[in-house]
Protein chains: 2
Amino acid sequence: VIIIGEKINATIPAIREAIAARNEDFLRGLAADQEKAGASLIDVNVGTGQGGSSEEIRTIHWMAGLVRDAVQCNLCIDSADPAVLRAGLEASQGRAGMINSVKATEKNMEEIFPLSVQYGIPVIALAMDEKGIPKTEAGRLDACEKIIRGAEAAGVPAEHIYFDPLVMPVSTDISQGMVTLQTLRGIKDRFPGAKTVLALSNVSFGLPRRSLINIAMLQMAMFLSVDAVIINPLDSAVMSSLRAAEAVMGRDRHCRRYARAIRNMQTGGE
Amino acid sequence: VIIIGEKINATIPAIREAIAARNEDFLRGLAADQEKAGASLIDVNVGTGQGGSSEEIRTIHWMAGLVRDAVQCNLCIDSADPAVLRAGLEASQGRAGMINSVKATEKNMEEIFPLSVQYGIPVIALAMDEKGIPKTEAGRLDACEKIIRGAEAAGVPAEHIYFDPLVMPVSTDISQGMVTLQTLRGIKDRFPGAKTVLALSNVSFGLPRRSLINIAMLQMAMFLSVDAVIINPLDSAVMSSLRAAEAVMGRDRHCRRYARAIRNMQTGGE
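In this text the structure is predicted, and so the values were computed from the model without any measurement. In this convention, every chain numbers its residues from 1, walking through the sequence in written order. Chains and ligands are labelled sequentially in the order written, the chains with letters from A and the ligands with numbers from 1. At least 70 in pLDDT is required for a residue's local features to be given in this predicted model, at least 80 for side-chain atom pairs to be given and counted, and no such filter applies to totals for whole chains, interfaces and linings, which use all residues. Side-chain metrics rest on all non-hydrogen atoms present in the structure, leaving aside hydrogens and water.

**Regarding the relation of the copies chain B and chain A**
No. 1: Least-squares superposition of the copies uses the C-alpha atoms of those residues scoring a pLDDT of at least 70 in each of them. Least-squares fitting of chain B to chain A yields an RMSD of 0.0 Å, with the superposition described by an axial translation of 0.0 Å and a rotation of 180°. What the rotation and shift describe, once combined, is the action of a two-fold rotation axis. Closest approach to the rotation axis among the C-alpha atoms of chain B is made by M220(B), whose C-alpha sits 2.9 Å away.
No. 2: Contacts are assigned to residue pairs that have any heavy atoms within 4.5 Å of one another. The share of interface residues of chain B whose copies in chain A are also at the interface is 100%, consistent with both copies meeting through the same surface.

**Things to note about the interface of chain B and chain A**
No. 1: At the interface, 33 residues of chain B touch 33 residues of chain A.
No. 2: By definition, the buried area sums, over both parts, the 1.4 Å-probe accessible area that each loses when the two are put together. Carbon and sulfur atoms make up 79% of the surface buried where chain B meets chain A, a total of about 3000 Å² over both sides.
No. 3: A pair is scored as a salt bridge if a Lys or Arg side-chain nitrogen falls within 4 Å of a carboxyl oxygen belonging to Asp or Glu. Taken together, the connections running from chain B to chain A amount to zero salt bridges.
No. 4: Whenever two N or O atoms come within 3.5 Å, that pair is a polar contact, provided that in protein one can donate a hydrogen and the other can accept it, and provided that, for residues adjacent in sequence, both atoms are side-chain atoms. Scanning the region where chain B abuts chain A turns up six residue pairs in polar contact (both at pLDDT 80 or more).
No. 5: Labels follow the DSSP assignment, with helices taken as runs of H or I lasting at least four residues and strands as runs of E lasting at least two, numbered in each case from the N terminus. The set of elements that each furnish at least two residues to the side of chain B that touches chain A consists of α7 (176-190), α8 (210-223), α9 (236-248) and α10 (256-267) of chain B.
No. 6: The element best represented in the side of chain B that touches chain A is α8(B), accounting for eight residues.

**Some remarks on the pairing of strand β5 (residues 123-129) of chain A**
All names here are of chain A.
No. 1: Burial status follows relative accessibility: with a 1.4 Å probe on protein chains alone, a residue under 20% of its type maximum counts as buried, one over 50% as exposed, and anything between as partly exposed. Within β5, seven of the seven residues are buried, which leaves the element mostly enclosed by the surrounding structure.
No. 2: Residues V123, A125, A127 and D129 line one face of β5 and the alternating positions I124, L126 and M128 line the opposite face, and both faces are buried.
No. 3: Bridge count between strand β4 (residues 96-104) and β5: five bridges; the pairing is parallel. From the neighbouring strand, A104 faces β5, where its bridge partner is D129.
No. 4: Where β5 meets strand β6 (residues 161-164), four bridges bridge the pair, whose relative direction is parallel. In the strand pairing of β6, V123 is matched with I161.
No. 5: We call a crossover right-handed when, viewed with the strands running away from us, the connection from the first strand over the helix to the second turns clockwise. Between the parallel pair β5 and β6, the chain is carried across by helix α6 (residues 137-154), and the sense of this crossover is right-handed. For two strands to be treated as a pair, DSSP must find no fewer than two bridges joining them.

**Quick notes on the pairing of strand β3 (residues 74-78) of chain B**
Residues and elements named next belong to chain B.
No. 1: Across the five residues of β3, four count as buried, placing the element largely inside the fold.
No. 2: The pairing of strand β2 (residues 41-44) with β3 spans four bridges and is parallel. Across the sheet, D43 pairs through a bridge with C76, a residue of β3.
No. 3: Here β3 pairs with strand β4 (residues 96-104) via four bridges, running parallel. For C76, the partnering residue across the bridge sits in β4 and is M98.
No. 4: With respect to chirality, the unit in which β3 leads through helix α4 (residues 82-91) into the neighbouring parallel β4 is right-handed.

**Points about the sheet that holds β6(A)**
Residue and element names in this part refer to chain A.
No. 1: Spatially, eight strands are ordered β1-β2-β3-β4-β5-β6-β7-β8 in a closed barrel, and the strand pairing comes out parallel. Neighbour-to-neighbour, the strand axes of the sheet open up by a mean angle of 30°, direction not taken into account.
No. 2: With respect to the sheet, helix α4 (residues 82-91) is in contact with β3 (74-78) and β4, its orientation differing from that of β4 by roughly 165°. Each axis is a line fitted through C-alpha atoms, taken for helices only over the stretch in contact, and angles between the N-to-C directions span 0 to 180 degrees.

**Here we look at the sheet that holds strand β5 (residues 123-129) of chain B**
All names here are of chain B.
No. 1: The strand order around the closed barrel formed by eight strands is β1-β2-β3-β4-β5-β6-β7-β8, and the pairing between neighbours is parallel. If you compare each strand with its neighbour and ignore which way they point, the axes differ by 30° on average.
No. 2: The pairing of strand β7 (residues 195-199) with strand β8 (residues 228-231) spans three bridges and is classified as parallel. What sits directly across from V197, in β8, is A228.

**What about helix α1 (residues 13-20) of chain A?**
One full turn of an α-helix is made of 3.6 residues, so residues set three or four places apart face in the same direction.
Residues and elements named next belong to chain A.
No. 1: Taken as a whole, α1 has its buried residues at I15, A18 and I19. All buried residues of α1 fall inside an arc of 100° around its axis, so they share one side. The exposed set on the far side of α1, more than 90 degrees from its buried face, consists of E17 and A20.
No. 2: Looking at the buried residues of α1, the elements they touch are α2 (24-36) and α3 (52-70).
No. 3: Taken from the residues just after α1, R22 is the one with a positive phi, measuring 50°. By definition, the arc is the one covered by directions from the helix axis to the C-beta atoms.

**What to know about the pattern of salt bridges**
All names here are of chain A.
No. 1: Scanning the entire structure with this criterion turns up 22 salt bridges over all chains.
No. 2: Between D129 and K146 there is a salt bridge; the shortest N-O distance is 3.6 Å. Here K146 lies in helix α6 and D129 lies in strand β5, a separation of 17 residues in the sequence.
No. 3: Residue class for K146 comes out partly exposed when judged on its relative accessible area of 33%.

Printed below as a string of C-alpha cells:
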C-alpha cells in the first residue's frame, strides 16, 4: 500500500505555528522522519483559511522547496485552492507525485484536471459534489461517476484517479464506517481501472483512543485492497498495524517489514 | 460477534499446573473474569496428552462443575476425544452451549454429531479431514462439504455447524492468512445456512508482538462477518480492537461497548 505522510498540514496547530515562525529545521525534520518511517509521498498543505490565496502561494513556494530538499520521495500537493495547487506543483520542480484533490463539480474539474495532465501525475478525487458529502454509498458512487467522465474528457487516464470514498465520524452516525467501506468496494467494482485512497483519521472523531478505531478502519480498507492511505507514519501503533495487515494478507515476504516495524516500535525509530 | 473465552485450556502450562494442583480458586476466577470481560461461552479443554482418556474424563467432570458454578454463561466443551466430550457434556448439566470440535472423517462425525443432536447444541467443525489441514481454500471447502453432508444425514441443522476455516502461521507460509480468509468467505457463500468461527492465535506463531497479527486477522474476519471468535477476552488490546471493529462496522450503537472497553483498558478491569 502507498503511504502518504499527513503530518505537514497547517490545520494542525503545531504546524501552523512552525509555518508562521518559518521554523525550517522542524519542518524539514518532520518531512525526513515521515519518509524514514515508510512514507512514499509527503503531503504538503499550508492552508490555514487565513491570509488568502497570495499569502498561501508564497508559503507553499517556500514549503515545497523545503520538503523537496529534505526527502528523496515525492510531494503530494494538497489544497482546496487551485491557484495554490498550481503554485505548489511549480515549486516542486518535478518532485510533485500527486495532487490532492479534485471533487465532482464542473468548475473544480476544469481547474484541476489540466494540472494532472500537465504534470503527468495522479490526482486524489473526493467522492463529493457541490452539495457536499453524500450520506449514502449510491450518492458517493454518483460523484465518482461524474469524476471519471470528467477525467476522461480532460485526458486524465483512469489509473491517475485515486478515489477517496471519504470517511465521516462513526460517533455521530454509526452507519458511516460501512458506507465508506461499501463505497470503497463499489469503486473497485465499477471503476476497476481507477485507484483508491483513504484518509483515515476523521472516522474516530469524538471517540477515545482514536488510533484503535483508525486501525480497525485501516485494516478493513486494506482487506478491500485500498491502493493508498493518508496516515501519520510516525504513529508506531498505526504503522505496525499496517504492516501486520500486510503480513496477514501475504504481502510481506518472510514478514520482514512487520518485524522491522516492531523493532522500530521498541527502539523508537530506525 | 460471539466471544468464546480460550483461557481454560490445559495446553497452556499455567493451566496444566492449576489442574494438576486442583487449584479451584484460580480456575474459577479465570472463568468468571472471562465472562466479565465479554465472553459468552467459556471453552473448557483439559487435554494434556498424558494420562489417557479415563484421567481426562475424571478431570473434565471436576472442571465442568467448577466452571459451571463460577459463571452465568454456557460452556464450550473442547476435546479431540469423543469420550471426553461426552463426559464434559454430561457434567455440564444443561449448561453446555457448544461442542469443540468435529472434523471431516466418517468416524469422527459418527461419534460427534449424535452428541450435538442429543444436547441440541452447535458444534465447531474444523475444515480438515483424515489427511490433515488442506493447504488450499478448495481443499478446506471440500472438507466443509463432507461435514455439511454428514451433519444433514445425522440430523444436525446447518445453523448448528460453526465452521472453523483454520489458521496456520504466516511466519512459515505467508499465503496462509489469505487462505483462511478466502475459506471463510467461501464458507459464507457456499453454506449460507451455516455459521463460522475463528480461533486466531495460531496465525501469529513465531512472530514478535503476536497480538498485532492476531488483531489484523480478527478485524478482517469480522469484516467478513465471522459469527464467533475464540480469543483471550482478558487481553485488553484484542478486546478493544474487537470493539473498535464493531464500531466501524456499525454494530455498536453510540459506540457504547467500545467506550466501555477503553475504560476497562485504562482501569485494568470492570
